[in-house]
Amino acid sequence: MPEYLIYFNQQWVGDHTEEWFAGRGPLARAVVNEMKEAGVYVYAGGLEEEDGPVYTADPTSGEIVMTDGPYIETKEFLGGFALVNVPNDETAKLWAAKVAEACGWPQEVRRFKPQPRSPQY
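Note that the coordinates shown come from a computational prediction; the quantities given were computed from them, not determined experimentally. (Residues numbered from 1 in each chain as written. Predicted model: local features only at pLDDT ≥ 70, side-chain atom pairs only at ≥ 80, totals over all residues. Heavy atoms only, no water.)

*Asks:* Whenever I open this one, the overall build of the protein chain confuses me. Can you help?
*Replies:* Each helix and strand counted, the protein chain has 2 helices and 6 strands in total. The N-to-C order of helical and strand elements in the protein chain reads β-α-β-β-β-β-α-β. Radius of gyration (C-alpha) of the protein chain: 17 Å, far over the 14 Å computed for a compact globule of 121 residues. Looking at the protein chain residue by residue over its 121 residues, the buried ones come to 24%. Pairs at least 24 residues apart make up 79% of the contacts formed inside the protein chain by residues separated by at least 6 positions. For the protein chain, the accessible surface area stands at approximately 9000 Å², while carbon and sulfur atoms represent 54% of it. If you average the places of the 10 positive and of the 19 negative side-chain charges in the protein chain, the two averages end up 12 Å apart. (Helix = DSSP H or I, 4+ residues; strand = E, 2+ residues; numbered from the N terminus. Rg over C-alpha atoms; globule rule 2.2 N^0.38 Å. Buried < 20%, exposed > 50% of the residue type's maximum accessible area, 1.4 Å probe, protein only. Contact = heavy atoms within 4.5 Å. Areas by Shrake-Rupley, 256 points an atom, 1.4 Å probe, with all protein chains shown as cover. Lys, Arg positive; Asp, Glu negative; His and termini not counted. Charge placed at Lys NZ, Arg CZ, Asp CG, Glu CD.)

*Asks:* Is there a simple way to think about the pairing of strand E1 (residues 3-9) in this case?
*Replies:* Sheet faces and side chains relate simply in a regular strand, where the side chains alternate between the two faces. By the criterion of burial, E1 is predominantly enclosed, with 5 of the 7 residues buried. Inspection of the sheet shows E1 paired to strand E5 (residues 78-85) by 7 bridges, in the antiparallel sense. Its bridge partner being in E5, Ile6 is matched across the sheet by Ala82. Looking at chain direction, E1 and strand E6 (residues 108-111) are connected through 4 bridges and run antiparallel. Note on E6: the bridge partner recorded for Leu5 is Arg110. (Pairing = 2+ DSSP bridges.)

Written out as structure tokens, the structure reads:
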């Protein structure tokens, strides 16, 4: 089955009170539990915001250069994601809608490219 990435940029979240966010946590955890029970869950999690470490690995100079922080100034950054293994686009959209409703902000859905099959010996 194909895998889909359901994700949001932190800037899509909007300004809300701490109470509002506290009310969303249980809803989001309930959707993750529903994914697990349905057997579609691969992984889900939120990313650290401004206080978390950010590193860039850049090979364009011919050798890997590691730097702290984004290589370029970014206006948007990934806030969190879920990875699901579902049979089709429609099912992925259904899960994205559930995540969006629970979180209270938009989610984007992208399908991973199929992985080549390993030869069987």
